[in-house]
Amino acid sequence: MSEPRMRARRLAACGAVMLSGAAAPAMAQAPDPLQQLRFECDAARMAAAPPPTLDAASRPRWPSQRFARLRPLLAEQRWLDALDSVRTSLDLELAALDPASARQLEGLRQRLAITHDSTRAYLALLGAATSRDVLRAAQSGASREIGPARYLATGQPDSVIFFDGTDTRVALGERTSAAVRRAACWHAGTARLLLDSLTRPARSAAALALASKRAAWTSYFDEGYSQLPWELWLNSRAARSAARLDPPRRQWIVAHPSAGLVVAGPSLDRIGTNGAVAIELLGHLWYRDPVRFSRYLGVSGTVVFADDVGTSVGPFVHFGQAAKIGWVVPVRPSRAPGIARSGGVLLSVDLYRYLTDRKGEAAQVLRQLESALGR
């Protein structure tokens, strides 16, 4: 073989290698249809700036860009006009598709119509836009229908689905054309941005209300009067506003045991304290602080068992967490000599500790009074 012919073959071989090497990255960079579908239907991406790779003709249709052009309408509270513009845009794009492709997105057209009607009802509920009206709107069926989550896509292994489980279900797969895919995802993304902006005040108000109620329930169980299982069962069925989700303002006391002290003696100078077990047979209390639940008033009928005093009965009054005091009369007095048979004062352990801790302060006040009287 001649030298020029061999040189030509070597050059052709090198060229083929170079062409195959250049083609390999191009093939590797070819977009996967399913990956592209998920990328263009992702809610977080649609709310951000359009990707740099998006062609110039499609950039104005990207949801964040379309939503930005609708802001003047939102500033004027023309929410229905903004939604109608999304519906009109979808109809224009569907008109350019073949009938079979347009039918794929019929569910989206129906859903936008439902959203329009629900938004009208929601705006009517807002009324004067007081905090109460906003909360009422947030709890309404219309609010649930127009929640931005309604327009979130559900990712499946081989598809992306909008409005799953409804009559307006729209399923997109890797074989879905780019025109259908973008019409579906980008209009749904724009509607979601609109609804998110519309319902954000009500959702924020509802979140604050729920946080307040959660704090109230925490205080109710931490600061309120303790409940045994049967009391909890009874009080959970007490009349209260289920719609407001507030803790009960009243509480029944039934067969509630507690530790106490009976202060009694045959005379004032021979008063003693006796540890006792008190059982509140039946009582009722009312909370005066619906936020902290540490302030309450209550009264109950109590049976008291004490070694040196015997079995006593009487009323027991609650003035909050620490101040609980009652007067008990023996029904089966102790036989121990020198013990008063006329009754005694029943104190909660916390109240007794409070009084004894301040015994020095009381003595000082008495001395000041004696000194003032002596002058």
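Residues numbered from 1 in each chain as written. Predicted model: local features only at pLDDT ≥ 70, side-chain atom pairs only at ≥ 80, totals over all residues. Heavy atoms only, no water.

Asks: Quick rundown of the pattern of salt bridges? Include the residues and the values.
Replies: In this structure the tally under the stated criterion is twelve salt bridges. One salt bridge in this structure joins glutamate 40 and arginine 182, with 3.2 Å as the shortest N-O distance. Of the two residues, glutamate 40 sits in helix 2 (residues 33-40) while arginine 182 sits in helix 10 (residues 178-223), which places them 142 residues apart along the sequence. Arginine 182 shares its class with glutamate 40; the two are buried. For arginine 78, the salt bridge is made with glutamate 76, and the minimal N-O distance between the two is 3.0 Å. Note on arginine 78: relative accessible area 36%, which makes it partly exposed. (Salt bridge = Lys/Arg side-chain N within 4 Å of Asp/Glu carboxyl O. Helix = DSSP H or I, 4+ residues; strand = E, 2+ residues; numbered from the N terminus. Buried < 20%, exposed > 50% of the residue type's maximum accessible area, 1.4 Å probe, protein only.)

Asks: Describe the packing of helix 7 (residues 106-126) against helix 10, and please don't skip the residues or the numbers.
Replies: One way to put it is that helix 7 packs onto helix 10 with a least axis distance of 12 Å and a crossing angle of 10°. Considering the angle they form, helix 7 stands roughly parallel to helix 10. The handedness of the crossing between helix 7 and helix 10 comes out as left-handed. Contacts between helix 7 and helix 10 pair Leu108, Leu112, Thr115, Thr119, Tyr122 and Leu123 from the former with Ala183, Ala184, His187, Ala191, Leu195, Leu198, Thr199 and Ala202 from the latter. Considering only residue class, the contact of helix 7 with helix 10 consists of ten nonpolar, four polar and no charged. (Axes fitted to C-alpha atoms, helices over the stretch in contact; angles between N-to-C directions. Parallel < 35°, antiparallel > 145°, perpendicular 65-115°, else oblique. Left-handed = near helix turned anticlockwise from the far one by under 90°. Contact = heavy atoms within 4.5 Å. Nonpolar A, V, L, I, M, F, W, Y, C, P; charged D, E, K, R; others polar.)

Asks: Account for empty space enclosed by the protein, naming residues and giving values.
Replies: All chains considered together, the criterion is met by one cavity of 30 Å³ or more. Lining the largest cavity are Ala43, Met46, Ala47, Tyr151, Gly189, Arg192 and Leu193. Mapped onto the lining of the largest cavity, the elements with two or more residues apiece are helix 3 (43-47) and helix 10. Looking at side-chain class alone, the lining of the largest cavity contains five nonpolar, one polar and one charged residues. (1 Å grid on protein atoms, 1.4 Å probe; cavity = no way out; pocket = protein on both sides within 12 Å on 5 of 7 lines; lining within 4 Å. Points joined across faces, edges and corners; volume = space filled by probe spheres on them.)

Asks: So, the environment of aspartate 32: which residues are in play, and what are the values?
Replies: Summarising the element assignment, aspartate 32 is placed in the loop between helix 1 (3-28) and helix 2. Overall, the relative accessible area of 36% leaves aspartate 32 in the partly exposed class. Counting along the chain gives 142 residues from aspartate 32 to glutamate 174, while the straight-line C-alpha distance between them is 8.4 Å.

Asks: Go over the packing of helix 4 (residues 63-75) against helix 5 (residues 79-95), please, and point to the residues and values.
Replies: Where helix 4 contacts helix 5, the axes come no closer than 8 Å and their chain directions differ by 145°. Handedness of the helix 4/helix 5 crossing: right-handed. Here Arg66, Leu70, Leu73 and Leu74 of helix 4 lie close against helix 5, whose contacting residues are Trp79, Asp81, Ala82, Ser85, Val86, Ser89 and Glu93. Classifying every residue of the contact of helix 4 with helix 5 gives six nonpolar, two polar and three charged.

Asks: Quick one: what's the story with the nonpolar core, residue by residue and with numbers?
Replies: Among the nonpolar cores identified, the biggest contains 42 residues, and Leu105, Tyr151, Phe162, Leu172 and Leu194 are the most heavily contacted of them. Going through the elements one at a time, helix 2, helix 4, helix 5, helix 7, strand 2 (159-162), strand 3 (170-173) and helix 10 are the ones with two or more residues in this core. The element contributing the most residues to this core is helix 10, with twelve residues. Apart from the residues lying within four places of it in its own chain, the contact partners of tyrosine 151 are Leu108, Arg111, Leu112, Thr115, Phe162, Phe163, Ala188, Ala191, Arg192 and Leu195. Membership of the second largest hydrophobic core comes to ten residues, among which are Ala264, Ala278, Val304 and Val309. (Core = buried A, V, L, I, M, F, W, Y, C linked by side-chain atoms within 4.5 Å.)

Asks: Describe in detail the state of the cysteines, supporting the description with residues and values.
Replies: Enumeration according to the criterion identifies one disulfide in this entry. Each sulfur of the disulfide joining cysteine 41 and cysteine 185 lies 1.6 Å from the other. Taking the sign of the S-S torsion, about 45° here, the bridge from cysteine 41 to cysteine 185 comes out right-handed. Of the two residues, cysteine 41 is situated in the loop between helix 2 and helix 3 and cysteine 185 in helix 10; the sequence distance between them amounts to 144 residues. (Disulfide = S-S within 2.5 Å.)

Asks: If you had to explain the sheet that holds strand 2 to someone new, which residues and values would you point to?
Replies: Read across the sheet, three strands follow the order 1-2-3 without closing on themselves; strand pairing throughout is antiparallel. With one partner strand each, in any of the chains shown, strand 1 (154-156) and strand 3 form the two edges of the open sheet. Between one strand and the next, the sheet's axes are offset by a mean angle of 20°, whatever the strand orientation. Of the pairings in the sheet, the one linking strand 2 to strand 3 comprises four bridges and is antiparallel in character. Of the residues in strand 3, the one forming a bridge with serine 159 is glycine 173. (Pairing = 2+ DSSP bridges.)

Asks: An account of the environment of proline 60 is requested, with residue identities and associated values reported.
Replies: Summarising the element assignment, proline 60 is placed in the loop between helix 3 and helix 4. The class of proline 60 is partly exposed, set by a relative accessible area of 39%.

Asks: Can you lay out the packing of aromatic side chains for me, pointing to particular residues and giving the numbers?
Replies: Using the criterion set out here, one finds eleven aromatic pairs in the structure. Both rings, one in tryptophan 217 and one in tyrosine 220, keep their centres 5.7 Å apart while their planes meet at 85°; by these two values the pair is edge-to-face. In this pair, tryptophan 217 and tyrosine 220 are both assigned in helix 10, three residues apart and thus about one turn of the helix distant. Tyrosine 220 gets classed as buried once you look at its relative accessible area, which sits at 4%. Ring pairing ties together the aromatic residues Trp217, Tyr220, Phe221, Tyr225, Tyr287, Phe293 and Tyr296, which thus form one cluster. (Phe/Tyr/Trp six-rings, centres within 6.5 Å; stacked < 30°, edge-to-face > 60°.)

Asks: Tell me about the confidence of the model for the protein, residues and numbers included.
Replies: Mean pLDDT over the protein works out to 78, with 73% of the residues at or above the 70 mark. Ranking the elements of the protein by mean pLDDT puts helix 1 last, at 46, and helix 4 first, at 94. With pLDDT under 50 throughout, residues 15-30 is counted as low confidence; its partners more than four residues away or in other chains account for zero contacts. (pLDDT = per-residue confidence, 0-100.)

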